[in-house]
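Coordinate analysis (summary)
So you can see what is in the structure, the chains are spelled out below.
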Amino acid sequence: MKKIEVVAAIIRDDEGRVFATQRGYGEWQDFWEFPGGKMEPGESPEEALKREIWEELETKIVVEQLVTTVEYDYPRFHLTMHCFWCHVESGSLILKEHEAARWLSRENLDSVNWLPADKNVIERIQKS
């Protein structure tokens, strides 16, 4: 089975809300996820996350700490996803690849249709 390693930013604001994005393409179109993407050879997870958020959202972030690493088997590949707490350093979260975005409070995290792997992260956030 193909293996894919990615990073995801759990960007939170001063009110404790987290930033969720809706996919606008592919097999999982319209599902919600934490923004991020694939790591390139030689990149640390933190470097990859900063690069991906700049490319996807034209925003500079501060990567704070690892929340969890999710291992999930999708039908066509195995996903390893490193998820980090982050906050915005500069920029205004401009959607370049996603069709929508929302700031969600802890109580509203279940209000969107999350990708299966991201559901594991939601459960972890709700328990913390």
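Right, let's walk through the structure included here. On a predicted model such as this, the values are computed, not experimentally measured, just so you know.

1. Digging into the side chain of R51
- Take R51: it is sitting in helix α1 (residues 45–57).
- With a relative accessible area of 17%, R51 lands in the buried category.
- In this structure the side chain of R51 is engaged in a polar contact, spanning 2.9 Å, whose partner is the backbone oxygen of K38.
- A distance of 3.1 Å separates polar atoms of two side chains, one belonging to R51 and the other to E52.

2. Focus: the packing of aromatic side chains
- Applying the stated criterion across every chain yields a total of six aromatic pairs.
- Taking 5.2 Å as the distance between ring centres and 70 degrees as the angle between the ring planes, the aromatic pair formed by W28 and Y74 counts as edge-to-face. Residue W28 is found in the loop between β2 (18–23) and β3 (32–33), and its partner Y74 is found in the loop between β5 (59–73) and β6 (77–91); the two are separated by 46 residues along the sequence.
- Through pairs of rings, three or more aromatic residues link up here, namely W28, F31, Y72, Y74 and F77.
- Here R12 stacks its cationic end above the ring of W85, 4.0 Å away from the centre of that ring.

3. Observations regarding α1
- Counted at 1.5 Å a residue, the expected span for α1 with its 13 residues is 18 Å, and the 18 Å between its end C-alpha atoms agrees.
- Restricting attention to buried positions, one finds in α1 the residues A48, L49, R51, E52, I53, E56 and L57.
- Turning to α1, the residues buried within the fold contact β1 (2–11), β2, β4 (36–38), β5, β6 and β7 (98–104).
- Count one or two residues on from α1 and you reach E58, which has phi positive near 45 degrees.

Rules used in this analysis
- Residues numbered from 1 in each chain as written.
- Predicted model: local features only at pLDDT ≥ 70, side-chain atom pairs only at ≥ 80, totals over all residues.
- Heavy atoms only, no water.
- Helix = DSSP H or I, 4+ residues; strand = E, 2+ residues; numbered from the N terminus.
- Buried < 20%, exposed > 50% of the residue type's maximum accessible area, 1.4 Å probe, protein only.
- Polar contact = N/O pair within 3.5 Å; in protein donor to acceptor, adjacent residues only side chain to side chain.
- Phe/Tyr/Trp six-rings, centres within 6.5 Å; stacked < 30°, edge-to-face > 60°.
- Lys NZ or Arg CZ within 6 Å of the ring centre and 35° of its normal.
- Expected span 1.5 Å × (residues − 1).
- Contact = heavy atoms within 4.5 Å.

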